[in-house]
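# Close look at the chain arrangement
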Amino acid sequence: VDRKELQKVSKVVAIVEQDDSLTIVVKKQEAALKRLEEKHGSGYGKPPPGSKSEARAKKYNENCTREIVELCGIVSEKGFTDSEDRRAILFQDLFNTYRFISDKCCGLLLRARRYKLLSFQGEMLFQGKDDKTVITMMRTFVEIHGHYKETKQLIGPDEVYLAPKPSIKKE
């Protein structure tokens, strides 16, 4: 491996490992909630178990997770392959495709970035202003969708998905 290739790879790794300001804010909120739970008990800030509020929150999270997987599927299907062999799409193309499916495109993009499934420059994307911003998949759709099918959850930044090997039946 020549030196330029190594520098290029290390820059990409640094970008992936560097937390954006949204991730930093979320980490601070999670730390604050942990301190409050230590002070007030483990159920602090959460609806009572078995309540309608808990059921609504669970359903909301399940829907968001499913929509993030769908959004990643659109990037994979409608996008292009970038120079690093990752699937990517322009914000304008994603927004125009996805707006017919959901009106929450930007919020889902932020949530997908928090899980390090997608990456893009800037803190927030705005229609018109950020149309040419490239949104890049940080994981393959096979990993994202496969993990979701098995667990009904998003794959975490540190998790590894191994696709099951097809079984061959002997006759």
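A brief look at the structure comes next. Note that the structure is a prediction, hence the values are computed from the model and not measured.

### Here's the deal with the packing of helix H4 (residues 91-98) against helix H5 (residues 105-114)
- Interaxial distance between H4 and H5 falls to 10 Å at its minimum, and their mutual angle equals 120 degrees. Comparing their axes, H5 and H4 come out oblique. Contacts from Phe91, Leu94, Phe95 and Tyr98 in H4 reach Cys105, Cys106, Leu108 and Leu109 in H5.

### Some words on the sheet that holds strand E2 (residues 87-90)
- Across the sheet, which stays open at both edges, the four strands sit in the order E1-E2-E4-E3 with antiparallel pairing between neighbours. The sheet terminates laterally at strand E1 (80-81) and strand E3 (118-119), the two strands that pair on one side only.
- For E1 and E2, the ladder comprises two bridges, and the chain directions are antiparallel. Bridge pairing links threonine 81 to arginine 87 in E2.
- Most of the contacts of helix H3 (residues 52-78) go to E2, to which it runs at about 95 degrees, and overall it touches E1, E2, E3 and strand E4 (134-137).

### Quick notes on a nonpolar patch on the surface
- Together, Leu33, Leu36 and Tyr44 give the surface a local cluster of nonpolar side chains, amounting to about 230 Å² of exposed area.
- One can find leucine 33 in helix H2 (residues 21-40).

### A closer look at the packing of aromatic side chains
- According to the stated counting rule, one finds one aromatic pair in the structure shown.
- A ring pair is formed by phenylalanine 91 and phenylalanine 95, whose centres lie 5.7 Å apart and whose planes are at 50 degrees; its orientation type is tilted. Residue phenylalanine 91 and its partner phenylalanine 95 are both found in helix H4; the two are separated by four residues, about one turn of the helix.
- Owing to a relative accessible area of 17%, phenylalanine 95 belongs among the buried residues under this scheme.

### Brief notes about the nonpolar core
- Counting 28 residues, the largest nonpolar core has Leu71, Leu94, Leu109, Leu117, Leu118 and Ile135 as its most contacted members.
- Elements that contribute at least two residues to this core include exactly H3, H4, H5, E4 and helix H6 (141-151).
- If near-sequence neighbours (up to four positions away) are discounted, leucine 109 is found in contact with Leu71, Phe91, Leu94, Leu118, Phe120, Leu125 and Ile135.

### Comments concerning the environment of lysine 78
- Structurally, lysine 78 is set in helix H3.
- Separated by 16 residues in sequence, lysine 78 and leucine 94 have C-alpha atoms that sit 8.0 Å apart.
- Aside from chain neighbours lying at most four places away, what touches lysine 78 is Arg87, Ile89 and Thr97.

### Focus: the environment of leucine 162
- On the secondary structure map, leucine 162 appears in the segment after H6.
- Taking relative accessible area as the criterion, leucine 162 reaches 68% and is therefore assigned exposed.
- Along the backbone, leucine 162 and glutamate 143 are 19 residues apart, and their C-alpha atoms lie at a distance of 7.6 Å.

Rules and cut-offs
- Residues numbered from 1 in each chain as written.
- Predicted model: local features only at pLDDT ≥ 70, side-chain atom pairs only at ≥ 80, totals over all residues.
- Heavy atoms only, no water.
- Axes fitted to C-alpha atoms, helices over the stretch in contact; angles between N-to-C directions.
- Helix = DSSP H or I, 4+ residues; strand = E, 2+ residues; numbered from the N terminus.
- Parallel < 35°, antiparallel > 145°, perpendicular 65-115°, else oblique.
- Contact = heavy atoms within 4.5 Å.
- Pairing = 2+ DSSP bridges.
- Patch = residues over 30% accessible without salt bridge, like charges linked within 9 Å, V, L, I, M, F, W, Y side chains within 5 Å.
- Areas by Shrake-Rupley, 256 points an atom, 1.4 Å probe, with all protein chains shown as cover.
- Salt bridge = Lys/Arg side-chain N within 4 Å of Asp/Glu carboxyl O.
- Phe/Tyr/Trp six-rings, centres within 6.5 Å; stacked < 30°, edge-to-face > 60°.
- Buried < 20%, exposed > 50% of the residue type's maximum accessible area, 1.4 Å probe, protein only.
- Core = buried A, V, L, I, M, F, W, Y, C linked by side-chain atoms within 4.5 Å.

Keep in mind that these numbers describe shape and distance, not what the molecule does.
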